[in-house]
Amino acid sequence: MIVVTGATGGLGGATVEHLLKRVPADEIGVSVRDTAKARHLADRGVRVRQGSYEDPAALRESFAGAEQVLLVSGNDPAADIVGLHRDAVEAAVAAGVRRIVYTSQQGAVPGNPYPPSHFHIATEAILADSEVAWTALRNGAYGPLDQVLGPWRRTGVIAQPQDGPVPYTDRDDIAEATAVVLAGDRAFDGPVDLTAPTAVTFEDVAKIASDLTGGTVERIVLDDEQWVADQLTAGVPEEMARLVLTWYQAARAGHFAGAGPLLADLLGREPRTVTDRLASDIAA
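Residues numbered from 1 in each chain as written. Predicted model: local features only at pLDDT ≥ 70, side-chain atom pairs only at ≥ 80, totals over all residues. Heavy atoms only, no water.

(A) Structural view of the side chain of Thr 195. One can find Thr 195 in the loop between strand S8 (190–194) and helix H9 (202–213). On the basis of relative accessible area, Thr 195 is assigned to the buried category, the value being 2%. Polar contacts involving the side chain of Thr 195 include one to the main-chain amide nitrogen of Gly 260, which spans 3.2 Å. Setting aside residues no more than four positions away along its own chain, Thr 195 makes contact with Gln 106, Arg 138, Gly 140, Pro 167, Thr 169, Gly 258, Ala 259, Gly 260 and Leu 263. (Helix = DSSP H or I, 4+ residues; strand = E, 2+ residues; numbered from the N terminus. Buried < 20%, exposed > 50% of the residue type's maximum accessible area, 1.4 Å probe, protein only. Polar contact = N/O pair within 3.5 Å; in protein donor to acceptor, adjacent residues only side chain to side chain. Contact = heavy atoms within 4.5 Å.)

(B) Up close: the pattern of salt bridges. Applying the stated rule across the entire model yields 16 salt bridges. Here Glu 176 and Arg 22 are joined by a salt bridge, their closest N and O atoms 3.4 Å apart. Residue Glu 176 is located in helix H8 (residues 171–183), and its partner Arg 22 is located in the loop between helix H1 (10–20) and strand S2 (28–32); the two are separated by 154 residues in the primary sequence. Take Arg 22: its relative accessible area is 36%, and that puts it in the partly exposed class. Bridged by salt links that share partners, the residues Arg 22, Asp 173, Glu 176 and Arg 269 form one connected network. (Salt bridge = Lys/Arg side-chain N within 4 Å of Asp/Glu carboxyl O.)

(C) Structural view of the packing of H1 against H8. Look at H1 against H8: their axes get within 8 Å of each other, and the N-to-C directions meet at 55°. The orientation of H1 with respect to H8, classified from their angle, is oblique. Two packed elements cross with a definite hand, and for H1 against H8 that hand is right-handed. Of H8, the residues touching H1 (which contributes Gly 10, Leu 11, Ala 14, Thr 15, His 18 and Leu 19) are Arg 171, Asp 172, Ile 174, Ala 175, Glu 176, Thr 178, Ala 179, Leu 182 and Ala 183. (Axes fitted to C-alpha atoms, helices over the stretch in contact; angles between N-to-C directions. Parallel < 35°, antiparallel > 145°, perpendicular 65-115°, else oblique. Left-handed = near helix turned anticlockwise from the far one by under 90°.)

(D) Geometry of the packing of aromatic side chains. Under the counting rule described, the total for this entry stands at six aromatic pairs. A centroid spacing of 6.0 Å and a plane angle of 70° characterise the contact between Phe 202 and Tyr 248, whose relative ring orientation is edge-to-face. Of this pair, Phe 202 sits in helix H9 while Tyr 248 sits in helix H11 (residues 238–252); the two residues are 46 residues apart in sequence, bridging distant segments of the chain. Of the two residues, Phe 202 and Tyr 248, both sit in the buried class. Each ring, one from Trp 247 and one from Tyr 248, has its centre 5.6 Å from the other, and the planes form 85°; the classification is edge-to-face. Across the pair, Tyr 248 and Trp 247 agree in class, each one buried. Through successive ring pairs, a cluster of aromatic residues spans Tyr 114, Tyr 168, Phe 202, Trp 227, Trp 247, Tyr 248 and Phe 256. (Phe/Tyr/Trp six-rings, centres within 6.5 Å; stacked < 30°, edge-to-face > 60°.)

And the structure:
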């Protein structure tokens, strides 16, 4: 039995879909906050149980009988993420799980100024101190490209703070690779990076976008405080703007620059590139 948390979310849901292509549905379970939202999985034979990181007792019940559990990391900035992850790890241990697979983040190392890296570091330490085998999938940045590029298709300009090389990675590729890890016979102990094979800068992306559109997409580097001021004018809360700014600062410091072959190896093909993703976005 493989149990996936967060299975009604983007990454967790996509991982379950890829698992269904690899193992029988009755060997897959999901632990979800709202079971009604997972009815489409129950109808296909997946074991659906209620469980959330805020309810360790229910979580233990949802993990019962599992050999492996995929813990999809929390993302509520107002929550005690480390505490919730600790409860989830303890629930998995209490349920007799043999391996915990955790969705971590590329660059989860001391000194990274991006705050989410801190709770990933802490969670990996909790896993290392646990009584079970564990794998931390340090995933490359897999959000929509427009989240980091800004409204370039409307403006013809990538006007963001100074960045650095990042192996922007397709979320579905990560979900598929995660399913391969869970369903396969290769054991990965500790942290491993899952990233696109090439890291690019915004200058690179501007050139790619120019080639794809047949026009000129310009890269403009904004001063950090000017960018924050622009975000506030656009209605973004200051706390959120400054959180995102730390991501650009981490990128320029090289914390996301690494790119490795493991994702391609697990997929058995080349992952989608920034060029592929931009082309799809433009076509859409």
